[in-house]
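Structural description and commentary
Each chain, written out:
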Amino acid sequence: MSANQASASKPVQQPRAWQRMLSGRRLDLLDPSPLDVEIADIAHGLARVARWNGQTTGAHIFSVAQHTLLVEAVMRAENPNVDTRVRLAALLHDAPEYVIGDMISPFKAVLGGDYKAVEKRLLAAIHVRFGLPAQLSGDIERQIKAADRGAAYLEATELAGFSKEEAKRLFGRDPGLPETAMRDYLTPWSAVKAEKRFLARFKALEG
């Protein structure tokens, strides 16, 4: 048998599409199961993923975990009576990034639909794991998006060096978060603090 024939007879090994988590779970990116989703893995991962590609001021990165807490705080400030499950959905809106990282919007636009498809499947599995609809209603998605844009405005102007005019053009208006909340949520935390705060808020909303 020639070398070429031997090579042709070997089964083609598919590229690995799963990631092993510290919990021991193996999450398949192409076919994620809600049973392989653990909140401890999400909190740990998001606390170590940098927003704005790390281009922010402060002694620590501004993590995705802290960003999601800011988004939920903006939502509460704008609508104090918003349902707890909607707040939980806001907290988890970027949860897929514990697996795939945080890519800035311009790069997502370059990658196109494949990235969004993976992100959508992961988010659906995360939602189901924690008792949320796999696909949120359009109204809830709009509420979360509005809070997300408000948080982005604050991060851009307070941490990422954007002028208010530029941030307003890109992200919309200043959401008017109270000063005490501004000082708390816009001072970058250590990874350990971000992880603990994320877990604490998750438990408060889930309960």
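Residues numbered from 1 in each chain as written. Predicted model: local features only at pLDDT ≥ 70, side-chain atom pairs only at ≥ 80, totals over all residues. Heavy atoms only, no water.

This next bit is on unusual backbone geometry. A positive phi angle, close to 55°, is found at Trp52, a residue other than glycine. The backbone of Asn53 sits at a positive phi, close to 55°, despite the residue not being glycine. The topology assignment puts Asn53 in the loop between helix H2 (39-46) and helix H3 (64-78). Taking the relative accessible area as the measure of exposure, Asn53 reaches 49% and is therefore partly exposed. (Helix = DSSP H or I, 4+ residues; strand = E, 2+ residues; numbered from the N terminus. Buried < 20%, exposed > 50% of the residue type's maximum accessible area, 1.4 Å probe, protein only.)

What follows is about H3. For H3, built from 15 residues, the straight-helix expectation of 21 Å at 1.5 Å per residue is met to within 8% by its first-to-last C-alpha distance of 21 Å. The element H3 is extensively covered by neighbouring structure, given that twelve of its 15 residues are classed as buried. Along H3, the residues that are buried comprise Val64, Ala65, Gln66, His67, Thr68, Leu69, Leu70, Val71, Glu72, Ala73, Val74 and Met75. For H3, the secondary structure elements touched by its buried residues are H2, helix H4 (84-91), helix H5 (97-100), helix H8 (138-158), helix H10 (179-185) and helix H11 (191-206). (Expected span 1.5 Å × (residues − 1). Contact = heavy atoms within 4.5 Å.)

Taken as a whole, this structure holds ten salt bridges when the rule is applied. Note that Arg76 and Glu72 form a salt bridge whose closest N and O atoms lie 3.0 Å from each other. With Arg76 and Glu72 both in helix H3, this residue pair falls four residues apart, about one helical turn. Residue classification places Glu72 among the buried residues on the basis of a relative accessible area of 0%. A salt bridge links Asp184 to Arg197, with the shortest nitrogen-to-oxygen separation between them at 2.9 Å. In this pair, Asp184 is assigned in helix H10 and Arg197 in helix H11, connecting sequence segments 13 residues apart. For Asp184, a relative accessible area of 26% translates into the label partly exposed. Since its relative accessible area comes to 27%, Arg197 is described here as partly exposed. (Salt bridge = Lys/Arg side-chain N within 4 Å of Asp/Glu carboxyl O.)

It is at 9 Å that the axes of H3 and H11 come closest, and there the two elements cross at 40°. The angle between H3 and H11 places the two elements in the oblique class. Pair H3 / H11 crosses with left-handed handedness. Side by side, H3 and H11 meet where Ala65, Thr68, Leu69, Glu72 and Arg76 of the first sit next to Ala194, Arg197, Phe198, Arg201 and Leu205 of the second. (Axes fitted to C-alpha atoms, helices over the stretch in contact; angles between N-to-C directions. Parallel < 35°, antiparallel > 145°, perpendicular 65-115°, else oblique. Left-handed = near helix turned anticlockwise from the far one by under 90°.)

Bringing the nonpolar core into the picture now. Core analysis: the biggest nonpolar cluster contains 58 residues, and Ile42, Leu70, Leu92, Tyr98 and Phe198 have the highest contact counts within it. Looking at which element gives the most residues to this core, the answer is H3, with eight residues. If near-sequence neighbours (up to four positions away) are discounted, Leu92 is found in contact with Ile39, Leu123, Ile126, Phe130, Leu132 and Phe198. (Core = buried A, V, L, I, M, F, W, Y, C linked by side-chain atoms within 4.5 Å.)

With that settled, consider the confidence of the model for the protein chain. Mean pLDDT over the protein chain works out to 91, with 88% of the residues at or above the 70 mark. Mean pLDDT values for the elements of the protein chain range from 53 in helix H1 (residues 3-9) up to 98 in H2. (pLDDT = per-residue confidence, 0-100.)

On to the environment of Leu27, then. Among the structural elements, Leu27 can be located in strand S2 (residues 26-28). Since its relative accessible area comes to 1%, Leu27 is described here as buried. The sequence separation of Leu27 and Val99 amounts to 72 residues, and the corresponding C-alpha distance is 8.6 Å. Setting aside residues up to four positions removed in sequence, Leu27 forms contacts with Ala17, Trp18, Gln19, Met21, Pro32, Ser33, Asp36, Val37, Tyr98, Val99 and Leu122.

Along the chain, Thr68 turns up in helix H3. Looking at Thr68, its side chain comes within polar contact range of the main-chain oxygen of Ala65, at 2.7 Å. Once residues within four sequence positions are removed from consideration, Thr68 is found in contact with Ala90, Leu91, His93, Asp94 and Phe198. (Polar contact = N/O pair within 3.5 Å; in protein donor to acceptor, adjacent residues only side chain to side chain.)

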